[in-house]
Amino acid sequence: MKKSRLVVFALAAGLNIGLASPVLAQAPVTSDSPTSSAETYRLLNLFGDVFEQVKAKYVEPVDDKKLIEAAINGMLTSLDPHSSYLDMDNFKDMQVDTRGEFGGLGIEVTQENGFVKVISPIFDTPAEKAGLQPGDFITNIDGKSVRGLPLNDAVDLMRGKVNTDIRLTIVRKGEQAPFDVTLTRAVIKIQSVRPQVKNDVGYIRITKFSEQTFSGLQRAIEEQKKEIGPKLKGFVIDLRNNPGGLLDQAIAVSDAFLDAGEIVSTRPRDTKNTERYTAKEGDLADSLPIVVLINDGSASASEIVAGALQDHGRAIIMGTRSFGKGSVQTILPMPGNVALRLTTARYYTPSGRSIQEVGIVPDIIVPQSKVETIETGQRRSEADLNGALHNEDSAIGDAETQAEKRRQDAEKVTEDDYQLARALDMIRGISLYGSFRTKS
């Protein structure tokens, strides 16, 4: 039994050394530290004693590896909602996730008040198709309560074989009672950049910041420039319900529209190790107007992009306030093909704003709304009056046809997505005003 205790003590001490590695630039323990070295060793001995008692007296046999990994994960999850231990399977899943393909429900989650909270469903996944929304709380999985369950364990419960069903119990603001949603697990293939041409405006939705995001953005912009041609008035970059992803991709996307200046800074505990990322010359959008759409499902890397473009005055930010995740997680590989996901820094926008808990506040607040067209009967005009003079321009018919098509297109976009409709209006308004200024 004594040997077991010494093994545990050595493991715990080794973890302490690992956390003090140069990667994190941890400050050494000093007399001003909340816990002295002697107290730390006493607590490590206590950990060994607890381990021995559990091994000897728990009602059922327990596995050493399971106990120790649970202790490690408990240590990390007690720090904040985003730090955690990644065992071999979770580490592998994380690596696949950042490459843009993984299995599951397609939902980004965090933990709050002991429950699993939805940051955002990922576009075109089972979670999104089932109608899950940012801010939803998952209280039960297949009837089992997740209250107090470590986030990784809750995520494990939501994973499983493709084409198998899972039942989530949801608590949603505005709903009087919890309700169940049944989803079918699927292989999630994320196309992180989804471009569309909206008449004379380039629309680019970024669903997640994975390894393919910047290259996908480059292709989308070039293709839209060719398709729209000289009529191109600007771009709408849609970051709504984008839960974030890779920091380097957020920096690259911001840099795509900036010629110079700071994009973001990351500040660890030792501020001497602050890193600043700056833009290189070159604007893929050729200085055309940009509107960035965000909402409460836009988090982390999405907020870096929105904050950088907002602070530099390069884009108008529109929508609703973002999620407010202003911390950086570093994946620290450990021996045995496992890893730590550890919060190592906070990030700040170019003006020095911290996004943590506050989020990005849009320049123009536009809640998502449902708009109904008021029927006013048949349109009246001068042409309906008896004896009205006729227009001598033979092209008037073509102009009326084009105007009616634009009206129908605008009404369709407004009905489907009010926020996007307002963003398109903004781009066209800026372009129109610019042409007025040029003429004068």
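Provided above is the structure to which this section pertains.
Figured I'd write up the structure that's included with this text. (Residues numbered from 1 in each chain as written. Predicted model: local features only at pLDDT ≥ 70, side-chain atom pairs only at ≥ 80, totals over all residues. Heavy atoms only, no water.)

The next thing to look at is the overall build of the chain. The secondary structure content of the chain amounts to 11 helices and 19 strands. When the 440 residues of the chain are sorted by exposure, 40% land in the buried category. If you take every contact in the chain between residues at least 6 apart in sequence, the share linking residues at least 24 apart comes to 68%. (Helix = DSSP H or I, 4+ residues; strand = E, 2+ residues; numbered from the N terminus. Buried < 20%, exposed > 50% of the residue type's maximum accessible area, 1.4 Å probe, protein only. Contact = heavy atoms within 4.5 Å.)

Below, the discussion takes up the nonpolar core. In this structure, Ile-204, Ile-206, Phe-209, Ile-237, Leu-239, Phe-257 and Val-292 are the most contacted members of the largest nonpolar core, which totals 38 residues. Breaking this core down by element, the ones donating at least two residues are strand E11 (201–206), helix H7 (213–228), strand E12 (235–238), helix H8 (247–255), strand E13 (262–267), strand E15 (290–294), helix H9 (301–311) and strand E18 (338–348). It is H9 that contributes the most residues to this core, 6 residues altogether. Setting aside its immediate chain neighbours within four residues, Val-292 contacts Ile-237, Leu-239, Ala-306, Leu-309, Ala-315, Ile-316, Ile-317 and Met-318. Residues Val-116, Ile-138, Ala-154 and Leu-168 belong to the second largest nonpolar core, which totals 20 residues. (Core = buried A, V, L, I, M, F, W, Y, C linked by side-chain atoms within 4.5 Å.)

Counted by the stated rule, this structure contains 20 salt bridges. Here Lys-117 and Glu-112 are joined by a salt bridge, their closest N and O atoms 3.2 Å apart. When the shortest N-O distance is used, the salt bridge between Lys-129 and Asp-124 registers 3.6 Å. Taken together, the shared-partner salt bridges in this structure form one network comprising Asp-200, Lys-233 and Arg-428. (Salt bridge = Lys/Arg side-chain N within 4 Å of Asp/Glu carboxyl O.)

Moving on: the sheet that holds E12. Here 6 strands make up an open sheet; going across it, the order is E10-E11-E12-E15-E16-E19 and the pairing mixed. The sheet terminates laterally at strand E10 (193–198) and strand E19 (364–365), the two strands that pair on one side only. Relative to strand E16 (residues 316–319), E15 is paired through 4 bridges, and the arrangement is parallel. Across the sheet, the residue bridging to Val-292 is Ile-317, located in E16. Here H7 sits on the sheet and contacts E10, E11 and E12; the angle it forms with E10, its principal contact strand, is near 15°. (Pairing = 2+ DSSP bridges. Axes fitted to C-alpha atoms, helices over the stretch in contact; angles between N-to-C directions.)

Here the focus is the packing of aromatic side chains. Aromatic ring pairs are described here by two measures, namely the spacing of the ring centres and the angle between the planes. Evaluated as defined, the whole model comprises 0 aromatic pairs. Over the ring of Tyr-348 we find Arg-267; its NZ or CZ atom is 3.8 Å from the centre of that ring. (Phe/Tyr/Trp six-rings, centres within 6.5 Å; stacked < 30°, edge-to-face > 60°. Lys NZ or Arg CZ within 6 Å of the ring centre and 35° of its normal.)

Their axes nearest at 12 Å, the elements helix H2 (residues 37–57) and helix H3 (residues 64–77) cross at an angle of 140°. The pairing of H2 with H3 is recorded here as oblique in orientation. Seen along the crossing, H2 lies across H3 with a hand that is right-handed. Contacts between H2 and H3 involve Phe-47, Phe-51, Val-54 and Lys-55 from the former and Asp-64, Leu-67, Ile-68 and Ala-71 from the latter. Looking at side-chain class alone, the contact of H2 with H3 contains 6 nonpolar, no polar and 2 charged residues. (Parallel < 35°, antiparallel > 145°, perpendicular 65-115°, else oblique. Left-handed = near helix turned anticlockwise from the far one by under 90°. Nonpolar A, V, L, I, M, F, W, Y, C, P; charged D, E, K, R; others polar.)

Of the positions making up helix H6 (residues 151–158), those classed as buried are Leu-151, Asn-152, Ala-154, Val-155 and Met-158. Each buried residue of H6 lies within a common arc of 160° when the element is viewed along its axis, so the set occupies one face. (Arc of directions from axis to C-beta.)

The buried fraction of strand E4 (residues 115–121) is high, at 6 of 7 residues. Alignment of strand E3 (residues 107–112) against E4, held across 6 bridges, turns out to be antiparallel. What sits directly across from Thr-110, in E4, is Lys-117. Once E3 ends, the chain turns through 2 residues before running back antiparallel as E4, passing Asn-113 with a positive phi of about 55°.

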